[in-house]
Amino acid sequence: MFASLSSLDPMPNYEPSPLLPIGDKKFLSVEYPGVVRRTKRAIKTLGGEKALARSLALNSHVDLWYRPEDTFSHPIHGDVIPTSKLLVKVTRRIKRNKLTGEIEADSKWDTEVVGNVTHAVRFRERTK
């Protein structure tokens with residue numbers, strides 16, 4: 001009544017997935033709790049690149065100061081956690097019609113795996 005699994009034919013149109021090279025670079029991901037319009041300002045609110053590097057090396061928390069110049073503002077604490085993600089760069093080449101400005105249908109998408117994201121900084125509410 002039922003066919004055995006060994007007698008089933010593999011999919012007729014099966015093609016193996018392509019192997020993509022992964023870059024050797026390692027990245028830190030920051031889940032910033034706000035809209036980032038100026039990257040340098042966002043890094044400054046996290047204490048700068050040195051503070052991020054120190055927190056990553058010590059595996060400690062990161063403090064986010066929305067107003068770093070204000071001594072009365074309170075920080076938001078973020079945790080450094082290990083992750084195993086990939087950073088993918090996606091680019092789209094588009095062709096526009098010079099007369100109408102419309103995008104033609106044959107736009108090409110390119111993907112490139114840039115490297116590994118080994119750690120992430122998350123700003124989540126802590127419950128006690």
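Residues numbered from 1 in each chain as written. Predicted model: local features only at pLDDT ≥ 70, side-chain atom pairs only at ≥ 80, totals over all residues. Heavy atoms only, no water.

## Quick notes on the pattern of salt bridges
Applying the stated rule across the entire model yields three salt bridges. We note a salt bridge from Arg124 to Glu31, for which the minimum N-O separation is 3.0 Å. Within this pair, whereas Arg124 is found in the segment after strand E4 (108–122), its partner Glu31 is found in strand E1 (residues 25–31), the two being separated by 93 residues in sequence. Owing to a relative accessible area of 29%, Glu31 belongs among the partly exposed residues under this scheme. The residue Asp70 makes a salt bridge to Arg67 at a minimum N-O spacing of 3.2 Å. Classification of Arg67 by relative accessible area gives partly exposed; the value is 44%. (Salt bridge = Lys/Arg side-chain N within 4 Å of Asp/Glu carboxyl O. Helix = DSSP H or I, 4+ residues; strand = E, 2+ residues; numbered from the N terminus. Buried < 20%, exposed > 50% of the residue type's maximum accessible area, 1.4 Å probe, protein only.)

## Comments concerning the layout of surface pockets
Picture a little ball the size of a water molecule; that probe, rolled over the atoms, points out where space is still empty. Its boundaries defined by the atoms lining it, the largest pocket holds a volume of some 190 Å³. Contributing to the lining of the largest pocket are Leu28, Val30, Tyr32, Val36, Thr39, Ala42, Ile43, Leu46, Glu49 and Leu52. Ranked by residues supplied to the lining of the largest pocket, first place goes to helix H1 (residues 39–45) with three residues. Of the residues that constitute the lining of the largest pocket, the class distribution is eight nonpolar, one polar and one charged. (1 Å grid on protein atoms, 1.4 Å probe; cavity = no way out; pocket = protein on both sides within 12 Å on 5 of 7 lines; lining within 4 Å. Points joined across faces, edges and corners; volume = space filled by probe spheres on them. Nonpolar A, V, L, I, M, F, W, Y, C, P; charged D, E, K, R; others polar.)

## Details of the sheet that holds strand E2 (residues 62–64)
What the four strands build is an open sheet, ordered E1-E4-E3-E2; its pairing is mixed. Single-partner strands in this sheet number two, and they are E1 and E2. Taken over all neighbouring pairs, the strand axes of this sheet differ in orientation by 50° on average, direction set aside. In this sheet, E4 lies alongside E1 in parallel orientation, the contact comprising seven bridges. Paired with Glu31 across the bridge in E4 is Arg122. (Pairing = 2+ DSSP bridges. Axes fitted to C-alpha atoms, helices over the stretch in contact; angles between N-to-C directions.)

## Some thoughts on unusual backbone geometry
A positive phi angle, close to 55°, is found at Asn59, a residue other than glycine. Counting through the fold element by element, Asn59 comes out in the loop between helix H2 (48–58) and E2.

## Side note on H2
All of the buried residues along H2 are Gly48, Ala51, Leu52 and Ser55. Projection of H2 onto a plane perpendicular to its axis shows the buried side chains occupying an angular sector of 100°, all on one side. Looking at H2, the residues exposed on the side facing more than 90 degrees away from the buried face are Glu49, Lys50, Arg54 and Ala57. Considering only its buried residues, H2 is in contact with H1, E2 and strand E3 (76–93). Of the residues trailing H2, Asn59 is marked for its positive phi of about 55°. (Arc of directions from axis to C-beta. Contact = heavy atoms within 4.5 Å.)

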